[in-house]
Amino acid sequence: MTVRDVWRHVRTPLTLLLLLAVLGYGAWWGYHALMTTGDPKAPTTCITQEATVVVPSQVTVRVLNGGTVRGFAGDVAKTLRERGYKVSSVGNTEEQVGNVVVVGAELTSPEVVLVASNFAGVTLRADGRADHTVDVLLGQKVDGFMPAEGYQTAVPVPGGTVCLPSQAPSSATPTPTPR
């Protein structure tokens, strides 16, 4: 048996092993790349700004319906836009809400206080979110829940610096879900 004959018998299995090695490396690399990339939905941090007051045009709001009235979140979002707020999304939440709940980074954050002033009988909730967006969770629609007058148009900023969302608000809990 010559070298040429031996090579002819060994060439196919060696080629197959080499291709399997390349395929295995590609699978390992793909898995590793997938598992080490950052979460694209991870909250972005806010941008620290010098300010003496916070006004509605600086605040990003998500309006989420937790009640049974269809279109309620859209109506509230329209009113908030008319009052100058940046409404990033309108949707539903799986959380059943009785009264209006305003959720933000801290209970005393200027953006939370400003948004809450738009509602009567509001409940505040802090969740420590990093991006300082504000969620408005709506429950049952009752008369006078969103007074036409008496809401604040500016809130003082203690310390002269405030952290507000960047132009692209993140997805912070609770997540809107279709109904």
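Every value quoted in this text rests on a predicted model; they were computed, and no experiment measured them. (Residues numbered from 1 in each chain as written. Predicted model: local features only at pLDDT ≥ 70, side-chain atom pairs only at ≥ 80, totals over all residues. Heavy atoms only, no water.)

With the rule as written, the count across this model stands at 3 aromatic pairs. Here a set of aromatic residues connected by ring pairs shows up, and it is made of Phe72, Phe119 and Phe145. In this structure, Arg83 packs its charged tip against the face of Tyr151, placed 3.8 Å from the ring centre. (Phe/Tyr/Trp six-rings, centres within 6.5 Å; stacked < 30°, edge-to-face > 60°. Lys NZ or Arg CZ within 6 Å of the ring centre and 35° of its normal.)

Our next topic: a nonpolar patch on the surface. On the surface, Met1, Val6, Trp7, Val10, Leu14, Leu16, Leu17, Leu20 and Leu23 cluster together into a nonpolar patch covering about 950 Å² of accessible area. Since its relative accessible area comes to 59%, Leu23 is described here as exposed. (Patch = residues over 30% accessible without salt bridge, like charges linked within 9 Å, V, L, I, M, F, W, Y side chains within 5 Å. Areas by Shrake-Rupley, 256 points an atom, 1.4 Å probe, with all protein chains shown as cover. Salt bridge = Lys/Arg side-chain N within 4 Å of Asp/Glu carboxyl O. Buried < 20%, exposed > 50% of the residue type's maximum accessible area, 1.4 Å probe, protein only.)

Formed by 28 residues in total, the largest nonpolar core has its most connected members in Val63, Val76, Leu80, Val115 and Phe119. Only strand S3 (60-65), helix H2 (72-82), helix H3 (110-116), strand S7 (134-138) and strand S9 (161-164) provide two or more residues apiece to this core. Among the elements that line this core, the one with the most residues is H2, at 5 residues. Residues in contact with Leu80, not counting those within four places in the same chain, are Val61, Val63, Tyr85, Val87, Asn118, Phe119, Val136 and Met146. In terms of nonpolar packing, the next biggest core, distinct from the first, is built from 5 residues, Leu64, Val97, Val101 and Val103 among them. (Core = buried A, V, L, I, M, F, W, Y, C linked by side-chain atoms within 4.5 Å. Helix = DSSP H or I, 4+ residues; strand = E, 2+ residues; numbered from the N terminus. Contact = heavy atoms within 4.5 Å.)

Under the definition given, this model contains 1 disulfide. Covalently, Cys46 is tied to Cys163 through a disulfide, its sulfur atoms 1.6 Å apart. Here the S-S torsion is close to 95°, and the disulfide linking Cys46 with Cys163 is therefore right-handed. Pair noted here: Cys46 is in the loop between helix H1 (3-36) and strand S1 (47-50) and Cys163 is in strand S9, with a separation of 117 residues, a long-range link. On the accessibility criterion, Cys163 (18% relative accessible area) is buried. (Disulfide = S-S within 2.5 Å.)

Relative to the helices and strands, Arg83 resides in the loop between H2 and strand S4 (86-92). One buried charged residue, Arg83, remains without a salt bridge, the closest side chain of opposite sign being Glu82 at 6.7 Å. Polar side-chain contacts of Arg83 include one of 2.7 Å to the backbone oxygen of Pro147. (Lys, Arg positive; Asp, Glu negative; His and termini not counted. Polar contact = N/O pair within 3.5 Å; in protein donor to acceptor, adjacent residues only side chain to side chain.)

Moving on to the sheet that holds S3. The strand order across the open sheet formed by 5 strands is S4-S3-S7-S5-S6, and the pairing between neighbours is mixed. At either margin of the open sheet sits one strand with a lone partner, and together these are S4 and strand S6 (123-126). Each strand of the sheet is rotated relative to its neighbour by a mean of 20°, with strand direction disregarded. As judged from the 5 bridges shared by S3 and S7, these two strands associate in the parallel manner. Pairing of Leu64 across the sheet is with Leu137, part of S7. (Pairing = 2+ DSSP bridges. Axes fitted to C-alpha atoms, helices over the stretch in contact; angles between N-to-C directions.)

Another point: the pattern of salt bridges. For the coordinates displayed, the defined rule picks out 5 salt bridges. One salt bridge in this structure joins Arg125 and Glu95, with 2.6 Å as the shortest N-O distance. Taken together, the residues span a long stretch of sequence, with Arg125 in strand S6 and Glu95 in the loop between S4 and strand S5 (101-104) at a distance of 30 residues. Arg125 gets classed as partly exposed once you look at its relative accessible area, which sits at 32%. Arg129 serves as the salt-bridge partner of Asp127, at 2.7 Å between the closest nitrogen and oxygen. Residues joined by salt bridges that share partners form a network here, namely Arg62, Asp127, Arg129 and Asp135.

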